[in-house]
2 protein chains.
Amino acid sequence: MDEAPSRRITIVDVARHAQVSTTAVSKVLRNAYGVSPKMQAKVRQAISELGYRPNASARGLRGRTYTIGVMLPDIRNPFFAEVLDGLTGRIAGTEYQVLLGPGCNGEDAEARVIHAMIDRGMDGLILIAPISARAHLERVAALVPTVVVGRHGHSHTYDTVADDDLTGAALVVNHLADLGHRRIAHIEHHESTPDCLAEMPNAIRAEGYRRAMRARGLADGIDIASTTYTQEGGYLGAKQLLARPVRPTAIFAGADIVAMGALDAIAEAGLSVPTDISIAGYDNTTFAAFRPISLTSVDQAGHEIGANAARLLLDRIADRSRPTAQVKLSPTLVVRRTTAPPPA
Amino acid sequence: MDEAPSRRITIVDVARHAQVSTTAVSKVLRNAYGVSPKMQAKVRQAISELGYRPNASARGLRGRTYTIGVMLPDIRNPFFAEVLDGLTGRIAGTEYQVLLGPGCNGEDAEARVIHAMIDRGMDGLILIAPISARAHLERVAALVPTVVVGRHGHSHTYDTVADDDLTGAALVVNHLADLGHRRIAHIEHHESTPDCLAEMPNAIRAEGYRRAMRARGLADGIDIASTTYTQEGGYLGAKQLLARPVRPTAIFAGADIVAMGALDAIAEAGLSVPTDISIAGYDNTTFAAFRPISLTSVDQAGHEIGANAARLLLDRIADRSRPTAQVKLSPTLVVRRTTAPPPA
């Protein structure tokens, strides 16, 4: 701590401070096999006390920077916190550090953040629900090991982890139909490009909703408000639906954050949940479990999704030539207090 | 888009594609003075269409990487989304890209993420409510332009942006005392080190609470549950407070996310807000404005905090020798439906 800030701490200083060899320090830094926990602790303490930073370019020359870039669409959506928890849990104990880039649901914003991450030399990327054209994702994945989360479709250059969104949407529709609802509306995140319509989780949930409604003989009740997967999008979508000549008796919001906005609009309209209208979300976030709300929601195991993405990325960094993997997780429905039979 | 992925796009390709000179492209990349909006648009479109990435090391040699590292303690706290919105709003239109690092409220985690950001060559750092020892922050700021957000205290190496937390806490206590409450409890984020007790916003809010209680003649009613600024911390803190032999009639939660956890515990206990117990938060996040909850909260202008932090950092990157600045913002109270007179 007494070092002047301008004097660069070296591996030699760390070794001297920890009273071990420079080889031992190097081994700890590389997370090499055969380092005792005691040696690990000694070296890490010296690193911490001296404020040592492994030289990035030197590490770069050895081919690793030990940073993973994670792009996510929206920091306000609590689902991404679940994914990140799973992801960081999986890399805990490794040398890897996660840096996050906000993608902001825009193609230009995504290109900027992805390029910044590649420029900053990250060893690999995890892209959560990217909206970029598929060709762009393929090009990125050819440059740097990449795992795409949430988005469906098979790629030979990147690995994918996704939820079975068709099934998840059907779980909600069937639950509401079983309760006796027939006018079940949906709030979707709008898509326009063919790639996104075919691959984005939100588009597949909307398709799952339509299929399940038809399968239950409720084709006439299909009613979609097309906004965004944000609180504001949920608020605006619910306002649209509540203004229909005949109001739906249930709303399936495509994400918990959308349900939050919808609940806001329902409260503003002076209606009660679930007495006047039922509402279900998707993601089973901490918000859904929050007792004053107690939101029925689809659990797509965000933690598992994040853990799988991290595992696939570390595997790919270790072996870039292995065939790509597609992990698909199965959702479950968590019934809480926002869904009940429709008003008589 | 037809380029093979391995072929590196250069500034020459961009110039040819946009049908402008390479000097013009370079000017746009540097955000230089005197580039017409039309030229900007042309070059940016070519950059986007070709997937051009300015060469990081070349940019590094010119002294800039156009990346800003933002460390934040907890992605789940909605207050940080407000700060980030203000921050990204302020840098929109510049060449800068923000990358986020989770600090996770641990000294080791903070050291790791700060070192990763420095190693990755970021031009500057914005550290939100860091808990690291002051000496460590000074050392970091001596290496790279740094703005510290939330934490109080004057530094000659880093700029600071903070809220007047003493005043903010007093606003809550006075509001509750004016309603007739005498047993007003507080849930704080626990601190132990002298640096943090003197400088952290949470510690200063707790001190503001104590001072305001004494100033109102309510010293006997001072009752603090010491947990964390998380939903879980609010839940556990409220459970402690509700189990007191004589229950408080109001709880001042140190952050909205803490109030969320407290509301969860109050619902679990079968109590009503504000009939049985009043609750106030701090941060005035989107959660506080959410109508089904409608939480009384202190607005500390997270958006302004973020915008100021970005401005100070860009100034410091431009001129590392200017004297440090301390920006302190004044909070206001937003009264909503979770606070009312105590039960008779």
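Residues numbered from 1 in each chain as written. Chains lettered and ligands numbered in written order. Predicted model: local features only at pLDDT ≥ 70, side-chain atom pairs only at ≥ 80, totals over all residues. Heavy atoms only, no water.

Chain A carries the name LacI family transcriptional regulator in an unreviewed UniProt entry, which gives Micromonospora globbae as its organism.

K.L.:
Would you explain the packing of aromatic side chains in this entry?
P.N.:
Note on aromatic pairs: each is described by the distance of the centres and the angle between the planes. One pass over the structure, following the stated rule, counts eight aromatic pairs over all chains. Its end group placed over the ring of Tyr282 of chain A, Arg205 of chain A keeps NZ or CZ at 3.8 Å from the ring centre. (Phe/Tyr/Trp six-rings, centres within 6.5 Å; stacked < 30°, edge-to-face > 60°. Lys NZ or Arg CZ within 6 Å of the ring centre and 35° of its normal.)

K.L.:
Any chance you could explain the sheet that holds strand β6 (residues 184–189) of chain A here in plain terms?
P.N.:
All names here are of chain A. What the six strands build is an open sheet, ordered β7-β6-β8-β9-β10-β12; its pairing is mixed. Looking at the sheet topology across the chains shown, the edges are occupied by β7 (224–227) and β12 (332–334). Mean inter-strand twist for the sheet, computed between neighbouring axes without regard to direction, equals 20°. Where β6 and β7 come together, four bridges link them in parallel fashion. Residue pairing across strands places Ile187 opposite Ala225, the latter belonging to β7. This element, helix α11 (residues 231–242), spans β6, β7 and β8 (250–253) of the sheet and lies at about 150° to β7. Sitting on the sheet, helix α12 (residues 256–268) is in contact with β6, β8, β9 (278–282) and β10 (296–299), with an inclination near 155° to β9. (Pairing = 2+ DSSP bridges. Helix = DSSP H or I, 4+ residues; strand = E, 2+ residues; numbered from the N terminus. Axes fitted to C-alpha atoms, helices over the stretch in contact; angles between N-to-C directions. Contact = heavy atoms within 4.5 Å.)

K.L.:
How should I be thinking about the sheet that holds strand β9 (residues 278–282) of chain B in this particular structure?
P.N.:
Sheet strands pair by backbone hydrogen bonding; their relative direction is either parallel or antiparallel. Residues and elements named next belong to chain B. Sheet architecture is open: six strands sit in the order β7-β6-β8-β9-β10-β12, paired in mixed fashion. Taken across any chain shown, the strands that pair with only one partner, and hence form the sheet edges, are β7 (224–227) and β12 (332–334). The sheet shows a mean angle of 20° between the axes of neighbouring strands, taken without regard to direction. Taken together, the three bridges between strand β10 (residues 296–299) and β12 define a ladder with antiparallel strand orientation. From the neighbouring strand, Ser297 faces β12, where its bridge partner is Val334. Relative to β9, helix α8 (residues 165–178) is tilted by about 165°, and along the sheet it contacts β6 (184–189), β8 (250–253), β9, β10 and β12. Against the sheet, helix α11 (residues 231–242) touches β6, β7 and β8, its axis set at about 145° to β7.

K.L.:
When you look at helix α7 (residues 134–143) of chain B in this model, what are you seeing that I'm missing?
P.N.:
Side chains of residues three or four places apart in an α-helix project in the same direction, reflecting 3.6 residues per turn. Taken together, the buried positions of α7 of chain B are Arg134, His136, Leu137, Arg139, Val140 and Ala141 of chain B. Residues of α7 of chain B that are buried make contact with α6 (107–119), β3 (124–128), β4 (146–149) and α9 (194–199) of chain B. (Buried < 20%, exposed > 50% of the residue type's maximum accessible area, 1.4 Å probe, protein only.)

K.L.:
Looking at this structure, I do not really get the interface of chain B and chain A. What am I missing?
P.N.:
A common way to express how large an interface is: the accessible area buried when the components associate. Taken together, the contact pairs 58 residues of chain B with 56 residues of chain A. For the pair chain B and chain A, the summed buried area comes to about 5000 Å², and 58% of that belongs to carbon and sulfur atoms. Along the contact surface separating chain B from chain A lie eight salt bridges. One salt bridge connects Asp264 of chain B with Arg291 of chain A, and the closest N-O pair in it is separated by 2.9 Å. One can count 16 residue pairs in polar contact (both at pLDDT 80 or more) joining chain B with chain A. Taken together, the residues of the side of chain B that touches chain A break down into 31 nonpolar, 11 polar and 16 charged. (Buried area = accessible area lost by both parts, 1.4 Å probe. Salt bridge = Lys/Arg side-chain N within 4 Å of Asp/Glu carboxyl O. Polar contact = N/O pair within 3.5 Å; in protein donor to acceptor, adjacent residues only side chain to side chain. Nonpolar A, V, L, I, M, F, W, Y, C, P; charged D, E, K, R; others polar.)

K.L.:
Would you mind going over the side chain of Asn202 of chain B with me for this structure?
P.N.:
On the secondary structure map, Asn202 of chain B appears in helix α10 (residues 201–215). Ignoring any residue separated from it by four or fewer positions in sequence, one finds Asn202 of chain B in contact with His189, Glu191 and Tyr229 of chain B.

K.L.:
Whenever I open this one, the pattern of salt bridges confuses me. Can you help?
P.N.:
Side chains bearing opposite charge may pair, as long as their charged atoms lie close to each other. The full count for this structure, using the stated rule, is 34 salt bridges over all chains. Two residues, Arg322 of chain A and Asp159 of chain A, come together in a salt bridge whose shortest N-O distance is 2.9 Å. Here the residue Arg322 of chain A occupies a position in the loop between α14 (302–318) and β11 (326–329), and Asp159 of chain A occupies one in strand β5 (residues 159–163), the gap between them amounting to 163 residues. With a closest N to O distance of 2.7 Å, Asp223 of chain B and Arg244 of chain B form a salt bridge. Of this pair, Asp223 of chain B sits in the loop between α10 and β7 while Arg244 of chain B sits in the loop between α11 and β8; the two residues are 21 residues apart in sequence, bridging distant segments of the chain. Several salt bridges share partner residues, and in doing so they unite Arg134, Glu138, Arg151 and Glu199 of chain A into one network.

K.L.:
Quick question: what am I supposed to make of the domain arrangement of chain A here?
P.N.:
When its domains are assigned, chain A resolves into domain 1 (11–53), domain 2 (67–163 + 302–329) and domain 3 (165–300). Once you take the C-alpha centre of each, domain 1 of chain A and domain 2 of chain A turn out to be 30 Å apart. (Domains from an automatic or database assignment.)

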